[in-house]
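A closer look at the structure
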Amino acid sequence: MTITNPPLRSAEAVAPAAPGTAPAPRMAWLDALRGFAALVVAWYHISPSVIGHLHFSIHHYVDLGRYGVMLFFLVSGYVIPMSLERHGSPRKFWVGRLFRIYPAFLATVVVALVLVQAGLMDLPPALREQTVAGTLGHVTMLQEFVGVRGLLWPFWTLSFEMVFYLVVAGLFVWGLHRLSAWWAAGLALIALLGGPALPDALFGATAADRRLTAAVLVLVMGFSLIAYLNGRRALVAVAGVLGLGFVMLPLFNAHTTRWSTSVASWQAVVMLSIMFAGTVIYRLQHGQINRAGGFAALGAVFVASAVSPWVDSGDRFDLVRWTLITGLVAGTFALGFALRHRRVPALLTWLGAISYSVYLMHYAALMVAGRLVGEPHPTPLVQAKVGIVFAVLTFGAAWLTYRFVEQPGQALGRRFQRYLDERLGPDRSRRQTTPTGSR
């Protein structure tokens, strides 16, 4: 999540603890990383209003927004395949995902629309000009790859999350899920060597193309989800193939309009490779792939993330800047991993629990804080007021969303899962095949 993953305290048994100490939840370190990443992204968006020009001085060297998002993606890559393989059922995985991410997402959309109607937030120009494509894009959360800015800017990362879910589910269905290193390295090399040669708008050169693409994505994704929930092996096999096909969106259609967050398809491919890098780390930890190949894949992702911007721009400073950012992401994850058996402060695990809602709600809170407190020439006092109002609104809204939307949504998902199992029987859709070279 990543930004869309729940706390995983119950995912595995607790880790061994040192004598005389209480055992630490095995997955608490991931909660801590998610909570930290959420804070970084929220700070990145509020900091221009709070610290002024200092924000841009920091941004010149370290893009904290991308740093936080890349850390989220790395965590998602680690967690999502573990969740899918632990259940061993595409149906359970998708019920869990849908009831985990959509309730809070829809609640945030409602809040944002209310703010627009109240004059506290402006409707993004992309949605005014491409309402049909934008609406359909939000249905699948794939609006970023339709070329429409989300109702709230941070929604763009949800498109990458959804593509990753679909691709990973497809790999699992066809027994290819342990080829993570090949995917990570392959995507990294495509971004590094293909670079500007990759098409940016293969399916979205015109407004009509974008509407058609958005409609096709709704149909394809809708069929896939119905197939996964139904559990019939033939339908699930088709859904798996379609899921693998979603990789074409970041490869060929990641910058269809000026509203696309990715500067080009190569950058979107790098982001996806970072998610697969998280999967590689998980498989290395559990001895599921060859160590040499796994570390080679991680090295390829690091090089692509650091070098691709320089290859694209020709500016040597981009090499320094993105090497620093990538190194910070890798170092932060490595630190969390190294401390994974230690007790994590309760505040960080709480932040991890509400991190998805923090991520969704903080941008709306920023708009409201700016309208309520902002002035044309802010003084330090005004900047402090904006920061305080932003913090109160963000964490207040995030806690309310987590408590009254996320948790009930997950409980409803568990009931729906039991209903499907009773009505359709256990899910036996997975193909029992093992890729060559996995162990």
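Just above, that's the structure.
Here's what I pulled together on the structure shown here. (Residues numbered from 1 in each chain as written. Predicted model: local features only at pLDDT ≥ 70, side-chain atom pairs only at ≥ 80, totals over all residues. Heavy atoms only, no water.)

**A word on the overall build of the protein chain**
To keep things clear, this is the line we draw: We count a stretch as a helix when DSSP gives it H or I for four or more residues in a row; a strand needs E for two or more, and each element gets its number in order from the N terminus. Atoms considered for the radius of gyration are the C-alpha atoms alone. The globule rule reads 2.2 Å times the number of residues to the power 0.38. Note on areas: Shrake-Rupley, 1.4 Å probe, and residue coverage restricted to the protein chains presented here. When charges are tallied, Lys and Arg are placed among the positive residues and Asp and Glu among the negative ones, while His and the ends of the chain are skipped. Every charge is mapped to an atom, namely NZ of Lys, CZ of Arg, CG of Asp or CD of Glu.
Within the protein chain one finds 17 helices and zero strands. Over its C-alpha atoms the protein chain spans a radius of gyration of 21 Å, differing by no more than 12% from the 22 Å that the globule rule assigns to 439 residues. Along the first, second and third principal axes, the C-alpha set of the protein chain runs to 65 × 65 × 50 Å. When the accessible surface of the protein chain is split by element, carbon and sulfur atoms take 67% of a total near 18,300 Å². Of the side-chain charges in the protein chain, 35 are positive and 18 negative, and the distance between the mean point of each set is 10 Å.

**Let's talk about the packing of aromatic side chains**
The cut-off we apply is this: Stacked, tilted and edge-to-face pairs are distinguished by plane angle, under 30 degrees for stacked and over 60 for edge-to-face with tilted covering the rest, among Phe, Tyr and Trp rings (Trp via its six-membered ring) whose centres lie within 6.5 Å. Only protein chains enter the accessibility calculation, which uses a 1.4 Å probe; a residue is then buried when its area is under 20% of its type maximum, exposed when over 50%, and partly exposed in between.
Going through the model one piece at a time under the given rule, you end up with 24 aromatic pairs. With a centroid separation of 5.4 Å and 75 degrees between ring planes, the pair formed by Trp-29 and Tyr-78 is classed as edge-to-face. Taken together, the positions of Trp-29 in helix H1 (residues 28-51) and Tyr-78 in helix H3 (residues 64-87) put the pair 49 residues apart, joining distant regions of the chain. Trp-29 gets classed as buried once you look at its relative accessible area, which sits at 3%. Judged by relative accessible area, which is 1%, Tyr-78 ranks as buried. When the centroid spacing of 5.8 Å and the interplanar angle of 40 degrees are considered together, the rings of Phe-73 and Phe-160 count as tilted. Of the two residues, Phe-73 is situated in helix H3 and Phe-160 in helix H7 (residues 156-173); the sequence distance between them amounts to 87 residues. With a relative accessible area of 0%, Phe-73 lands in the buried category. Taken together, the ring pairs connect Trp-29, Tyr-78, Tyr-282, Phe-333 and Phe-337 into an aromatic cluster.

**Some details on the side chain of Ser-273**
Definition in use: Note on contacts: a residue pair is in contact if any heavy atoms of the two residues lie within 4.5 Å.
Residue placement: Ser-273 occurs in helix H12 (residues 265-285). Here Ser-273 falls in the buried class, since its relative accessible area comes to 0%. Aside from chain neighbours lying at most four places away, what touches Ser-273 is Ala-184, Leu-187, Ala-188 and Val-301.

**Structural notes on a nonpolar patch on the surface**
Heads up, the condition is: Patches in this entry comprise residues that are over 30% relatively accessible and not in a salt bridge; like charges within 9 Å are linked, as are nonpolar side chains (Val, Leu, Ile, Met, Phe, Trp, Tyr) within 5 Å. Each reported salt bridge corresponds to a side-chain nitrogen of Lys or Arg within 4 Å of a carboxyl oxygen of Asp or Glu.
Nonpolar side chains collect at one region of the surface, where Leu-347, Trp-350, Trp-399, Leu-400 and Phe-404 lie side by side and expose about 530 Å² of accessible area between them. If you list the elements that add at least two residues to the nonpolar patch, you get helix H15 (346-353) and helix H17 (380-424). Residue contributions to the nonpolar patch peak at three residues, all from H17. Note on placement: Phe-404 falls in helix H17. Residue classification places Phe-404 among the exposed residues on the basis of a relative accessible area of 52%.

**Focus on the layout of surface pockets**
Selection criterion: Buried and open spaces are told apart on a 1 Å grid over the protein atoms alone, a cavity being a set of points where a 1.4 Å probe fits but cannot get out and a pocket being an open set with protein on both sides within 12 Å along at least five of seven lines. Residues with an atom within 4 Å of a point are the lining residues. Grid points are joined across faces, edges and corners, and a volume is the space filled by probe spheres set on the points. Residue polarity is assigned by list, with Asp, Glu, Lys and Arg as charged and Ala, Val, Leu, Ile, Met, Phe, Trp, Tyr, Cys and Pro as nonpolar; anything else, Gly included, falls into the polar class.
Empty space within the second largest pocket amounts to approximately 440 Å³. Considering the residues around the second largest pocket, the lining is formed by 19 residues, among which Leu-74, Ile-281, Leu-298, Ala-330 and Phe-333 are closest to the centre. Going through the elements one at a time, H3, H12, helix H13 (291-313) and helix H14 (316-338) are the ones with two or more residues in the lining of the second largest pocket. Tallied by class, the residues present in the lining of the second largest pocket amount to 15 nonpolar, three polar and one charged.

**Let's talk about H12**
Definition in use: Here the expected span of a helix is defined as 1.5 Å times the quantity of residues minus one.
For H12, with 21 residues, the first-to-last C-alpha span of 31 Å sits near the 30 Å given by 1.5 Å per residue. Most of H12 is tucked away: 20 of the 21 residues are buried. A positive backbone phi angle near 65 degrees is found at Gly-287, which sits one or two residues after H12.

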